[in-house]
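Here's the letter readout for the chains.
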Amino acid sequence: MKQGFDVAVVGAGIVGLAHALAAARLGKRVVVVDRDAQANGASVRNFGFVTVTGQARGAVWRHARRSADVWREVADAAGVEVLQRGLTMIARRPEAKAVLEAFLETEMADGCAWRDAEALGDRLPTRGGGLGGLTSSVDLRVESRSAIPRLAAWLEAAHGVAFLRGAAVRGVETGRLETSVGAIEADAIVVCPGDDLVTLFPDSFARAGVTRCKLQMLRLADPGWRLPAPVMSDLGLVRYLGYADLPEARALRARLQAEQPAHLEHGVHLIVVQSADGSLVVGDSHHYALTPDPFARDDVDALILDEFAQVFGQAPPMVLERWTGTYASAEGHSLVETPMPGVRLVVVTGGTGASTAFGLAETVADDLLNLSDGAFA
Ligand SMILES: Cc1cc2nc3c(=O)[nH]c(=O)nc-3n(C[C@H](O)[C@H](O)[C@H](O)COP(=O)(O)OP(=O)(O)OC[C@H]3O[C@@H](n4cnc5c(N)ncnc54)[C@H](O)[C@@H]3O)c2cc1C
């Protein structure tokens, strides 16, 4: 295959699709190349939780705001249903309440409010163990396993983006990709390989100290009640940097270390989202290695389900599915490099690609493609 495009994107996960959209919106002819026949990476294994509230202050939070807007802009046209809106962050301890109160004083609290336990009744349909919680209106949730294929199909149909699947990219140089099925020529190239750290630009990954993070996930049976917004708890307040970087988080971390050391050791925190059929997607844990093992440990699942029981005040429903997922992980939100002219390597390393990729991609596309003389940087 030898064809000319304005832009070639390597990787059809959310980061690649976001760059395809940003380039198509700038009027470019785009091809997306992926080695898999269908999406199979982190982008279809996640919660589909587009989290704004709690993202790291500054650029990451702004990318998340913008990404949530883009999800809302494209959802209807792409046939992607927004299943839940907002966030309910339950505080089980006074130290957690203090973190949320401090958060509500920041510029990131736009669209957020504190509600006491009684007032949370419409957001938390069970009598859980919380003191109250923060509610937000800015976050949203999609069903990733259908949303990602639909987004790709819509990019193809509505924006004329070409997809070449089942083609592994073996080499990249300015203006050209070498794939397992032949060469592709493109003026600009964006490489979004997710957690493949060794095939393309391995030196960039090594220099940035990128490793991989494995997460355990569960789907639980319909509990018989409905959650209008995703639910999180105290453990999330020491992981999400928008909260965890606040000075008030230190006291919470110390108390969690004393009361839930195993949860912290396995990087367990709680996110509960609900699907159209009423089932709940629940997670997760965090284990780091260059090649994580593929096994889901029952004791780690038990920690996740224990936090569920504490927050909802009832035993978790039956487990329907278990899976693991991995993402590229390093200090900081993302790795964006220019390994050669006209080429960008873009990897979200903070585990928040569903929440931030659209905003990040617009920034990258602007820098790479939007030059007034039509050249590529
Ligand atoms: C279990 C889990 C839960 C998560 N929950 C959330 C969440 O709720 N909200 C959130 O914001 N984020 C969440 N994340 C993080 C988010 O899913 C990732 O940040 C995001 O999906 C990364 O997208 P990506 O496109 O970089 O990677 P991927 O989805 O892994 O896609 C990369 C693609 O590149 C292709 N590829 C790689 N190398 C080549 C090559 N050489 N040639 C051809 N193709 C190649 C792969 O085949 C793959 O399709 C979660 C992650 C996991 C694992």
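Residue numbers here run from 1 along each chain, matching the order of that chain's written sequence. Thresholds applied to this predicted model are a pLDDT of at least 70 for local features of residues and 80 or more for the giving and counting of side-chain atom pairs; totals over whole chains, interfaces and linings are not thresholded and use all residues. Each side-chain value is derived from all of the structure's non-hydrogen atoms; neither hydrogens nor water enter the calculation.

## Some points on the overall build of the chain
In this text, helices come from DSSP runs of H or I with a minimum length of four residues, and strands from runs of E with a minimum of two, each type numbered from the N-terminal end. When you go through the chain residue by residue, the secondary structure sums to twelve helices and 18 strands. Projecting the C-alpha coordinates of the chain onto the three principal axes gives extents of approximately 60 × 40 × 40 Å. In this scheme, a residue with accessible area under 20% of its type's maximum is buried, one over 50% is exposed, and one in between is partly exposed, where area comes from a 1.4 Å probe on protein chains only. Counting every position in the chain, which comprises 377 residues, the buried fraction comes to 54%. The criterion used for residue contact is that any of the two residues' heavy atoms lie within 4.5 Å. A fraction of 74% describes how many contacts in the chain between residues 6 or more apart in sequence connect residues 24 or more apart. Note on areas: these come from Shrake-Rupley sampling with a 1.4 Å probe, and a residue is covered only by the protein chains present in the view. If you sum the accessible surface of the chain, you get close to 14,900 Å²; carbon and sulfur atoms cover 50% of it. Charge counting treats Lys and Arg as positive and Asp and Glu as negative, with His and both chain ends excluded. By convention, the charge on Lys lies at NZ, on Arg at CZ, on Asp at CG and on Glu at CD. Across the chain, the 36 positively charged side chains and the 46 negatively charged ones have centroids separated by 1 Å.

## A word on the packing of aromatic side chains
Here is the rule: rings of Phe, Tyr and Trp (six-membered ring for Trp) pair when centre to centre is within 6.5 Å. Planes less than 30 degrees apart are stacked, more than 60 are edge-to-face, and the remainder are tilted. Going through the model one piece at a time under the given rule, you end up with four aromatic pairs. Each ring, one from Trp-71 and one from Phe-358, has its centre 5.2 Å from the other, and the planes form 75 degrees; the classification is edge-to-face. Here Trp-71, found in helix 3 (residues 59-78), pairs with Phe-358, found in helix 12 (residues 353-369); they are 287 residues apart in sequence, far enough to count as distant. Clustering of aromatic rings is evident, with ring pairs tying together Trp-225, Phe-308 and Phe-312.

## So, helix 12
The sharpest bend along helix 12 reaches about 30 degrees and sits at Gly-359. When you tally the buried positions in helix 12, you get 13 out of 17 residues, the bulk of the element. We define the bend at any residue as the angle between the axes fitted to the seven residues before and including it, ending there, and the seven starting there.

## Points about empty space enclosed by the protein
Using a 1 Å grid laid over the protein atoms alone, points where a 1.4 Å probe fits but cannot get out form a cavity; open sets with protein on both sides within 12 Å along at least 5 of 7 lines form a pocket; any residue with an atom within 4 Å of a point counts as lining. Grid points are joined across faces, edges and corners, and a volume is the space filled by probe spheres set on the points. Tallying each qualifying case throughout the model produces three cavities of 30 Å³ or more. There is about 50 Å³ of room inside the largest cavity. Considering the residues around the largest cavity, the lining is formed by Val-44, Arg-45, Asn-46, Phe-47, Arg-141, Glu-143, Ser-144, Arg-145, Arg-219, Val-281 and Trp-323. At the level of secondary structure, the elements contributing two or more residues to the lining of the largest cavity comprise helix 2 (42-45) and helix 5 (144-159). Amino acid classes used here: Ala, Val, Leu, Ile, Met, Phe, Trp, Tyr, Cys and Pro are nonpolar; Asp, Glu, Lys and Arg are charged; the rest, including Gly, are polar. Of the residues in the lining of the largest cavity, the class split is four nonpolar, two polar and five charged.

## Regarding helix 9 (residues 249-259)
Regarding helix 9, the residues found buried are Ala-249, Leu-252 and Leu-256. Taken around the axis of helix 9, the buried residues stretch over an arc of 60 degrees, which confines them to a single face. When the buried face of helix 9 is taken as reference, the exposed residues oriented beyond 90 degrees from it are Arg-250 and Ala-258. Contact partners of the buried residues in helix 9: helix 4 (94-104), helix 7 (234-237), helix 8 (241-244) and helix 10 (261-265). Directions pointing from the helix axis toward each C-beta atom define the arc.

## Here's the deal with the side chain of Ser-279
Among the secondary structure elements, Ser-279 is positioned in the loop between strand 13 (271-274) and strand 14 (280-283). In this structure Ser-279 comes out as buried when scored by relative accessible area, which is 3%. At a separation of 2.8 Å, a polar atom in the side chain of Ser-279 contacts the side chain of Arg-219. Counted as a polar contact is a pair of N or O atoms within 3.5 Å, where, for protein atoms, one must be capable of donating a hydrogen and the other of accepting one, and residues adjacent in sequence contribute only when both atoms are in side chains.

## Considerations on the pattern of salt bridges
Just to be clear on terms, a salt bridge is a Lys or Arg side-chain nitrogen sitting within 4 Å of an Asp or Glu carboxyl oxygen. Applying the stated rule across the entire model yields 29 salt bridges. In this structure, Arg-25 and Glu-73 form a salt bridge, with 3.0 Å as the shortest nitrogen-oxygen distance. Placement of the pair is Arg-25 in helix 1 (residues 14-25) and Glu-73 in helix 3, with a sequence separation of 48 residues. The exposure class assigned to Arg-25 is partly exposed, which follows from its relative accessible area of 38%. Ionic pairing is found between Arg-344 and Asp-367, a salt bridge with its closest N-O pair at 3.1 Å.

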